[in-house]
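# Tertiary structure, described
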Amino acid sequence: MAEKFDVKLEEGKYYLPDASYKERSWIGDYNRAYQEFLADPDGFWDRIARDLEWFQPWDRVKEWNYPYAKWFTNAKLNITHNCLDRHVNNQRRNKVAIMWRGETEGEEEVYTYRQLLQAVSQFANGLKSLGVGKGDRVCIYMPVVPEQIIAMLACARIGAVHTVVFGGFGVSALNQRIVGTDAKVVVTADFTYRRGKAIPLKNIVGEAVVNAPSVERIVVLRRDQEKPVELHPEMEVDFYELMEESDRECPAEVMDAEDPLFILYTSGTTGFPKGIVHTCGGYMVGTYYTTKYVFDIKDNDVYWCTADPGWITGHSYGVYGPLLNGATCLITEVTPDYPTNGTYWDIIQDYGVTIFYTAPTAIRMFMRVGEEWPNRYNLSSLRILGSVGEPLNPEAFEWFYHVIGKARCPVVDTWWQTETGMHMVTTMIGEPMRPGFAGKPIPGVVADVVDRNGNPVPPGTGGFLVVKEPWPSMMRTVWNDDERYRKYWYTIPGCYTTSDLAVKGTDGYIMILGRSDDLIVVAGHNIGTAEVESALVSHDAVAEAAVIGKPDPLKGNIIKAFVILKNGRVPGDKLKNDLVYHVRMTLGPIAMPSEIEFVDSLPKTRSGKIMRRVLKAQELGMDPGDISTLEE
Ligand code: 6R9
């Protein structure tokens, strides 16, 4: 593919954050940092890795044996030593590590680093007493509560491999993941609370383990103390009873840098979910580095990543990255629209959140309900805003930047994947921000936009986003399916294929156009779904949009758009015509939708990504394929 996109690349505007951001940032000058990395890539990562504590240093920073990489060879470490002991031993002992806020006001819990280390050690000993050891898999199917993080870290403490399954998944998705990893133990809770309703997680586990012979024990966190759920005497054990019977000290298992840390199934907007495998050493260095430099995290920050630890964002930037940096992290079970549309803003005001990391799907939801909600709260504690998961279209960027950040806070639109483990492309703090563009590869990452043969395409030309050099937190394999791993590196010669389409400006800024499987070919032109959706959302009546290609005998495909209107806007033919005209003016005639349908909701993955493949299957009366990740 080497097709001219009708993106009006050079008309973009930039926002420059106040100079004090750059002056005080860890990164300093982006260009200089990037050049330093290029001059000596291994030296760059070596320096970062030395910030952390290792039981034994590495022989070599990396060993690259295409397409397999080893990082920090023969080094020994434990990630929880760096998340916990390192802080407890070095002046952060009584610093708050985790603040948890439940659904009802006043319902909260706080753990200092000392308390967290103790809880993790106790639970780790508990897992050991159930026969869990190094290399065993443990499935964690829990709500967002501190015990979820305690369970993850306890696994890492003893070298067990965790597979966290998002609490919103149902029986068959959970069963697939338990069976797929041969999990020995499942850690769950009686209930998760969502919008005032109690969802019985334990019952779902009960059904999911019926055909899962590997499972020996189930650990249950019983949140409802008044009517505690009954436990099966042989199979099930209470979370706190298990802890209380165990010792408060648990030495961290000595792990090799290349030992697996966790398996996480991808959100899967396309095809069947894959079990992505991450390892101890490289993942630790990658998430430590990016949390520090991309969010520019400092000791007095109050950091809030809204992602559930059931997703990679929750793993890397809800748990490991911030704890490696000794940060104070907020976690919460609340949904942004319950009990009111002001819940998130209330939390930011209440806890004095300084770094707020969320997803475009949430931002567009906030835009839809209107700025009167955030405007009721004092958001002046905010310092840095972040976005992840889907393209942050210019409209949403502007809203986030102005309405939430008051034109004061840098917005970091971070592009990365479950497979990459860490941020890869973004605009580093202090650099000019360009709405609609994620930014540039961060120091440490060599990424580009190329054609099918791996040759860079000129600015303004669409192509495939690829990574050209290994990086520490890259996935090492796909669990039980190395063939699928190899495909990532063999699709485009010499490159890691991301399956995302992108276009670069003459300034080197990268705009993500959407997944390549979401590409629509209209009359021989390649059109990225994200571009058309972004154009639609820039119309003031539109809250959210998804577009698909519909086979057409004449043009190959035509574009059909599904549109959610903002509150109070009335659907009708007049508006349809306006929207078509609007896209025409924004992107040109080739990208004009031929059909528009007004809808109330869009099919999304549970992590908030639009599943265009489901829309398309519905439209064409086809089988949508695997829909285990589809939201109800
Ligand atoms: C972290 C995460 C990965 C896919 C990725 C891309 C999309 C993520 C994005 C973005 C545009 C961004 N994506 N961040 N697209 N701009 N800032 O979401 O991981 O669930 O594996 O999804 O998400 O399409 O390829 P994962």
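Cut-offs applied
Residues numbered from 1 in each chain as written. Predicted model: local features only at pLDDT ≥ 70, side-chain atom pairs only at ≥ 80, totals over all residues. Heavy atoms only, no water. Helix = DSSP H or I, 4+ residues; strand = E, 2+ residues; numbered from the N terminus. Rg over C-alpha atoms; globule rule 2.2 N^0.38 Å. Buried < 20%, exposed > 50% of the residue type's maximum accessible area, 1.4 Å probe, protein only. Contact = heavy atoms within 4.5 Å. Areas by Shrake-Rupley, 256 points an atom, 1.4 Å probe, with all protein chains shown as cover. Near = heavy atom within 4 Å. Polar contact = N/O pair within 3.5 Å; in protein donor to acceptor, adjacent residues only side chain to side chain. Nonpolar A, V, L, I, M, F, W, Y, C, P; charged D, E, K, R; others polar. Core = buried A, V, L, I, M, F, W, Y, C linked by side-chain atoms within 4.5 Å. Domains from an automatic or database assignment. Salt bridge = Lys/Arg side-chain N within 4 Å of Asp/Glu carboxyl O. Pairing = 2+ DSSP bridges. Axes fitted to C-alpha atoms, helices over the stretch in contact; angles between N-to-C directions. UniProt positions renumbered as here; feature names shortened; annotations may be inferred. 1 Å grid on protein atoms, 1.4 Å probe; cavity = no way out; pocket = protein on both sides within 12 Å on 5 of 7 lines; lining within 4 Å. Points joined across faces, edges and corners; volume = space filled by probe spheres on them. Patch = residues over 30% accessible without salt bridge, like charges linked within 9 Å, V, L, I, M, F, W, Y side chains within 5 Å.

### Overview of the overall build of the protein chain
Broken down by element type, the protein chain carries 19 helices and 32 strands. At 24 Å, the protein chain has a C-alpha radius of gyration in line with the 26 Å of a compact globule built from 632 residues. Taking the principal axes of its C-alpha atoms as reference, the protein chain extends roughly 70 × 55 × 50 Å. Of all 632 residues assigned to the protein chain, the portion counted as buried reaches 63%. Pairs at least 24 residues apart make up 71% of the contacts formed inside the protein chain by residues separated by at least 6 positions. Carbon and sulfur atoms provide 48% of the accessible area of the protein chain, an area that totals close to 23500 Å².

### Section: the site of the ligand
Not every one of the 17 residues close to the ligand is listed here, only the nearest: Asp413, Thr414, Thr418, Asp500 and Arg515. At 2.9 Å, a side-chain N or O of Gln417 approaches an oxygen atom of the ligand. Separating an oxygen atom of the ligand from a side-chain N or O atom of Lys609 is a distance of 2.8 Å. Protein chains shield 93% of the accessible area of the ligand, which is 530 Å² for the free molecule. Mapped onto the shell around the ligand, the elements with two or more residues apiece are helix 11 (312-324) and strand 27 (510-515). Classifying every residue of the shell around the ligand gives 6 nonpolar, 6 polar and 5 charged.

### A closer look at the nonpolar core
Note that soluble globular proteins tend to have their nonpolar side chains buried in a common cluster. Trp45, Phe72 and Phe123 are the most contacted members of the largest nonpolar core, which totals 121 residues. The biggest single contributor to this core is helix 6 (residues 146-158), with 9 residues. Two domains share this core, each providing at least three of its residues, namely domain 1 (19-78 + 259-514) and domain 2 (113-253). Counting residues in hydrophobic clusters, the runner-up holds 34 residues, among them Leu330, Ile347, Ala362 and Phe400.

### Here's the deal with the pattern of salt bridges
Counted according to the given criterion, the structure contains 36 salt bridges. Among the ionic pairs, Lys62 bridges to Asp42, the shortest N-O distance being 2.8 Å. Linking Lys62 in strand 1 (residues 62-65) with Asp42 in helix 3 (residues 41-49), this pair joins segments that are 20 residues apart in sequence. Residue classification places Lys62 among the buried residues on the basis of a relative accessible area of 17%. A salt bridge links Asp51 to Lys292, with the nearest nitrogen and oxygen atoms 3.6 Å apart. Of this pair, Asp51 sits in the loop between helix 3 and strand 1 while Lys292 sits in helix 10 (residues 280-294), and the two are 241 residues apart along the sequence. We classify Asp51 as partly exposed; its relative accessible area is 33%. It is possible to trace a salt-bridge network through shared partners that takes in Lys550, Lys560, Glu595, Glu597 and Glu619.

### Notes on the sheet that holds strand 23 (residues 447-450)
The strand order 23-24-26-27 describes an open sheet built from 4 strands, whose pairing is antiparallel. With partners counted over all chains shown, the strands left at the sheet margins are strand 23 and strand 27, one partner each. Geometrically, the sheet is characterised by an average inter-axis angle of 45 degrees between neighbouring strands, direction not taken into account. In the sheet, strand 26 (residues 496-504) pairs with strand 27 via 5 bridges, with the strands oriented antiparallel. Following the sheet pairing, Leu501 is matched in strand 27 by Gly514.

### Quick look at the UniProt feature "domain: AMP-binding enzyme C-terminal" (unreviewed entry) in the protein chain
UniProt tags residues 531-609 as "domain: AMP-binding enzyme C-terminal" (unreviewed entry). A distance of 15 Å separates the end C-alpha atoms of residues 531-609, which is 28% helix and 32% strand.

### Considering the pairing of strand 10 (residues 197-200)
As defined by bridge partners, strand 9 (residues 191-194) adjoins strand 10 across 4 bridges and the pair is classed as antiparallel. Paired with Tyr193 across the two strands is Ala198, which belongs to strand 10. The hairpin turn running from strand 9 into strand 10, its antiparallel successor, is 2 residues long, and Arg195 in that turn takes a positive phi close to 50 degrees.

### Looking at empty space enclosed by the protein
One pass over the full model with this rule turns up 1 cavity of 30 Å³ or more. Taken as a whole, the largest cavity spans an internal volume of roughly 40 Å³. As for the largest cavity, its lining consists of Phe397, Val411, Asp413, Thr427, Met433, Arg434, Gly436, Phe437 and Ala438. Taken together, the residues of the lining of the largest cavity sort by class into 5 nonpolar, 2 polar and 2 charged.

### Quick notes on the UniProt feature "domain: Acetyl-coenzyme A synthetase N-terminal" (unreviewed entry) in the protein chain
According to UniProt, the positions carrying the feature "domain: Acetyl-coenzyme A synthetase N-terminal" (unreviewed entry) are residues 30-83. Taken end to end, residues 30-83 is 44% helix and 19% strand, and its first and last C-alpha atoms sit 27 Å apart.

### Section: the pairing of strand 28 (residues 519-522)
As a general feature of sheets, a regular strand has side chains that alternate between the two faces. Burial along strand 28 is one-sided: Ile520 and Val522 are buried, and none of Leu519 and Val521, which face the opposite way, are. With 4 bridges joining them, strand 28 and strand 29 (residues 525-528) adopt antiparallel strand pairing. When the bridges of strand 29 are listed, Ile520 appears paired with Ile527.

### Re the side chain of Ser246
When you line up the elements, Ser246 lands in the loop between helix 9 (239-244) and strand 13 (255-256). Polar side-chain contacts of Ser246 include one of 2.8 Å to the backbone oxygen of Leu242. Excluding residues within four positions of it along the chain, Ser246 makes contact with Gln122, Asn125 and Gly126.

### Overview of a nonpolar patch on the surface
A contiguous nonpolar patch, built from Trp64, Tyr66 and Tyr490 and spanning about 280 Å² of accessible area, is present on the exposed surface. One can find Trp64 in strand 1. Using a relative accessible area of 31% as the deciding quantity, one classes Trp64 as partly exposed.

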